[in-house]
Amino acid sequence: MAECLTQASRQRRAKAMTAAAGSAGPAAVPLLLCALLAAGGAYELDDSDGLGREFDGVGAVSGGGATSRLLVNYPEPYRSEILDYLFKPNFGASLHILKVEIGGDGQTTDGTEPSHMHYALDENYFRGYEWWLMKEAKKRNPNITLIGLPWSFPGWLGKGFNWPYVNLQLTAYYIVTWIVGSKHYHDLDIDYIGVLRRMLNHQGLQHVKIIASDNLWEPISASMLLDPELLKVIDVIGAHYPGTLSVKDARLTKKKLWSSEDFSTVNGDMGAGCWGRILNQNYVNGYMTSTIAWNLVASYYQQLPYGRCGLMTAQEPWSGHYTVEAPIWVSAHTTQFTQPGWYYLKTVGHLERGGSYVALTDGLGNLTIIVETMSHKHSKCIRPLLPYFNVSHQFATFNLKGSFSQIPELQVWYTKLGKPSERFLFKQLDSLWLLDSGGSFTLELQEDELFTLTTLTSGRKGSFLPPPKSQRFPSVYEENFNIDYPFFSEAPNFADQTGVFEYYVNMEDSGDHRFTLRQVLNQRPITWAADAFSTISVIGDYTWSNLTIKCDVYIETPEKGGVFIAGRVNKGGTLIRSARGIFFWIFANGTYRVTGDLAGWIIYSLGHADVTAKKWYTLTLTLNGRFSFGKLNGKTLWKNISVNFPENGWAAIGTHSFEFAQFDNFRVEASH
């Protein structure tokens, strides 16, 4: 507990502990009893026998996918405040590493991110928001490490197959163009990538390091031991969700070991406990010198898969509301008091009664010690399954040896997770004086606590005025896409779940539809996730039930083309194929259809409609209780179709297949 931080922090507490060991006076009796009931261990922190592995930093992932989608639409100053909490040194999470998705047009968990090459001869380095995010991170921390990883690939790379490595050289070239474009257009140096070394060197990118396989420890580790050339070109072995454990083959390579994707847990106290435990134990158990959280910030609709699984939450750009969650301050316990290039001590390990401790040094006399006692009950990550362990009340005595024996003072930062009445997040306590204790101090530790003891005095719990209060998505929302030079390629609040919808300028149309939103993919991307067979972008409030959606639509593909508007769409992300809702379709062959699902299996109505390609139409869909109505160009096309499921969901627009189509003058009016 915070009040009993250490018995060596003040002389009277040092005397009390000494008395407890010998002729205890009356004042020391309660402490003696406490010490007997909660025994503990003694732990040496020593650099006499050299140091452990080099620390590479703590980071987070934007993407994998579309996890920062809503962040870009936040108004100032709130967007900058969020970025400060994530990246500004000695302020919040103060991250050392930013890993971003190399957009590949495919659904990669919570949406799609656009590729810089939708088609073979297409290159555009201003799509999406990852370059913007990297620049904002660099603006705050010029030393931040940047990593790129593709989660999906545009379809043209597969030559008809759902596999990106049909032509290795072509795929390597595709990744290299992203790296080169990052530098040429945004002055961003990418530090790590997963791609062929030879192609990087050929392009003069010797400084870009290789991380592999950025998925599992094996078979890459065993392959490296058998193949000297492979061993030589790979700089880091990265594994996802390793459960704090590495494998023997990986350690035998002598390469850096990273948990290159981890966490993925709802960002309440359970997520904070998970994060605090693995930040320490990934090194204690698995010698991993970097841990990277998926994801950076939960900036996507919460009802999509893995809602609120970011280090903080920012999912309301329409209100400006955001929440600085506990994992931000758990991160700070490590990130604010270490830097890449520091070294772990060899003397790290587990506490006798549960928990762990690590210590790091810069080799220049500075020392940072991080102690965690996260309980099994309150530190379960979403994966893998956590074997049972016990944590209980204990005293832990640390003895500073070697070059640390003369450290006079340690700053102390404290976190306690749990009941609101007992909860502290990154609280600075009185500093700890060591001159009278021979470099020794004792901590009283309870469950679910985190201590940082450090020679650094630069720590800070940054803050701003509270952001605006949380509000629902506006019940009346209009978007006409009339932006001549948009800063971002995607329209605010639309979350693409299959396909890519971008601002578009019709050069031939000088009238009402010069500026539109266009679905730009003409073939299915290569992806591990389950993209739907129809493209779709969702928007709005998931609790919407009664609503009217109106949108101008333009089918570009003759005969086979089709578009839709929809309401009460109940699924997204990797579940998008099975999305239910009420979908109002029109087709270039002169027909319409009303379905209860995106896949089109549940047909409520179908018939003739005066529709063709290359012409603008206005669709209106009204949902009121159990009944639905549809209009084409203001005239009723169908009415009183009974719909019992789902009861609520997002509004949406989309196309029948991977085809070009345009949308304009979108409007929704809803009641819950």
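Quick caveat: nothing in here was measured; it's all calculated off a predicted structure. (Residues numbered from 1 in each chain as written. Predicted model: local features only at pLDDT ≥ 70, side-chain atom pairs only at ≥ 80, totals over all residues. Heavy atoms only, no water.)

Asker: Tell me about the overall build of the protein chain, and name the residues and values.
Answerer: Of the regular secondary structure elements, the protein chain holds 11 helices and 39 strands. Taken over the C-alpha trace, the protein chain has a radius of gyration of 28 Å; the compact-globule value for 672 residues is 26 Å, and the two agree within 12%. By principal-axis analysis of the C-alpha atoms, the protein chain measures approximately 100 × 55 × 40 Å. For the protein chain, the proportion of its 672 residues judged to be buried stands at 59%. For the protein chain, the proportion of contacts with a sequence separation of at least 24, taken over those separated by at least 6, is 70%. (Helix = DSSP H or I, 4+ residues; strand = E, 2+ residues; numbered from the N terminus. Rg over C-alpha atoms; globule rule 2.2 N^0.38 Å. Buried < 20%, exposed > 50% of the residue type's maximum accessible area, 1.4 Å probe, protein only. Contact = heavy atoms within 4.5 Å.)

Asker: Pulling in residues and values, what's your account of the environment of Met199?
Answerer: Along the chain, Met199 falls in helix H6 (residues 197-202). Overall, the relative accessible area of 11% leaves Met199 in the buried class. In the structure, Met199 is positioned 27 residues away from Ala172 in sequence and 6.7 Å away in space, judged by C-alpha atoms.

Asker: Outline the sheet that holds strand S14 (residues 321-323), supporting the account with residue identities and numerical values.
Answerer: Pairing in this open sheet of three strands is mixed, and the strands run S12-S13-S14 from one edge to the other. Because the sheet does not close on itself, it has two edges, and the strands there are strand S12 (297-298) and S14. Of the pairings in the sheet, the one linking strand S13 (residues 312-316) to S14 comprises two bridges and is antiparallel in character. Considered in S14, the bridge of Glu316 is made with His321. (Pairing = 2+ DSSP bridges.)

Asker: Lay out the state of the cysteines in plain terms, naming residues and giving numbers.
Answerer: As used in these notes, a disulfide is a covalent bond between sulfur atoms, one from each of two cysteines. The final tally for this structure, using the stated rule, is one disulfide. Between the sulfur atoms of Cys274 and its disulfide partner Cys381 the distance amounts to 2.1 Å. Given an S-S torsion of about 100°, the disulfide between Cys274 and Cys381 has right-handed geometry. Of the two residues, Cys274 sits in helix H10 (residues 269-286) while Cys381 sits in the loop between strand S18 (367-372) and strand S19 (394-400), which places them 107 residues apart along the sequence. The exposure classification of Cys274 matches that of Cys381, with both residues buried. Of all cysteine sulfurs in the structure, the one in Cys274 sits closest to Cys309, which takes part in no disulfide; the separation is 9.6 Å. (Disulfide = S-S within 2.5 Å.)

Asker: Quick rundown of helix H3 (residues 78-87)? Include the residues and the values.
Answerer: Of all 10 residues that make up H3, eight are buried, and the element is covered over most of its length. Taken residue by residue, H3 has Arg79, Glu81, Ile82, Leu83, Asp84, Tyr85, Leu86 and Phe87 as its buried positions. Tucked inside the fold, the buried residues of H3 contact strand S4 (97-101), helix H4 (130-140), S12, S13, S14 and helix H11 (326-335).

Asker: Can you explain the nonpolar core? Please cite residues and give values.
Answerer: If you look at the biggest cluster of nonpolar residues, it comprises 92 residues, and the most contacted ones within it are Phe87, Leu98 and Ile193. The greatest single-element share of this core, amounting to seven residues, is contributed by H10. Membership of the second largest hydrophobic core comes to 75 residues, among which are Val569, Phe583, Ala588 and Tyr617. (Core = buried A, V, L, I, M, F, W, Y, C linked by side-chain atoms within 4.5 Å.)

Asker: Talk me through unusual backbone geometry; I want residue IDs and the actual numbers.
Answerer: The residue after Gly64, namely Gly65, is reached through a cis peptide bond having omega -5°. Along the chain, the position of Gly65 falls in the loop between strand S3 (57-62) and H3. Between Glu218 and Pro219 the backbone carries a cis peptide bond, its omega angle lying at 10°. Inspection of the secondary structure assignment puts Pro219 in the loop between strand S8 (209-215) and helix H7 (220-226). Even without a glycine there, the phi angle at Asn90 is positive, about 50°. Within the fold, Asn90 resides in the loop between H3 and S4. Phi at Asp448 is positive, roughly 60°, even though this residue is not glycine. The class of Asp448 is buried, set by a relative accessible area of 5%.

Asker: Can you break down the confidence of the model for the protein chain residue by residue, with the values?
Answerer: Regions with low pLDDT should not have their predicted coordinates read in detail. Per-residue pLDDT for the protein chain has a mean of 93; in total, 94% of the residues score no lower than 70. Counting contacts from residues 6-37, a segment whose pLDDT is below 50, to residues more than four positions away or on other chains yields 42 contacts. (pLDDT = per-residue confidence, 0-100.)

Asker: Account for the pairing of strand S27 (residues 515-519), with residues named and values stated.
Answerer: For S27, a buried count of five out of five residues is recorded, marking the element as mostly surrounded by other parts of the structure. Side chains Phe515, Leu517 and Gln519 of S27 all project onto a buried face; the interleaved residues Thr516 and Arg518 project onto the opposite face, where all are buried too. Note: strand S26 (residues 501-505) against S27, five bridges, orientation antiparallel. The residue of S27 that forms the bridge with Val505 is Phe515. Note: S27 against strand S39 (residues 661-671), three bridges, orientation antiparallel. Of the residues in S39, the one forming a bridge with Arg518 is Gln662.

Asker: How would you explain the pattern of salt bridges if you had to name every residue and give the values?
Answerer: For the structure shown, the criterion picks out 19 salt bridges. The residue Glu478 makes a salt bridge to Arg667 at a minimum N-O spacing of 2.8 Å. Of the two residues, Glu478 is situated in strand S24 (residues 476-479) and Arg667 in strand S39; the sequence distance between them amounts to 189 residues. Looking at Glu478, the relative accessible area reads 55%, which means it is exposed. The salt bridge partner of Arg518 is Glu556, with a shortest N-O separation of 2.8 Å. Separated by 38 residues along the polypeptide, Arg518 in strand S27 and Glu556 in the loop between strand S30 (546-555) and strand S31 (562-569) bring together distant segments of the chain. Take Arg518 and Glu556: they sit in the same class, and that class is buried. Within this structure, Asp84, Glu136, Lys139 and Arg140 form a network of salt bridges that share partners. (Salt bridge = Lys/Arg side-chain N within 4 Å of Asp/Glu carboxyl O.)

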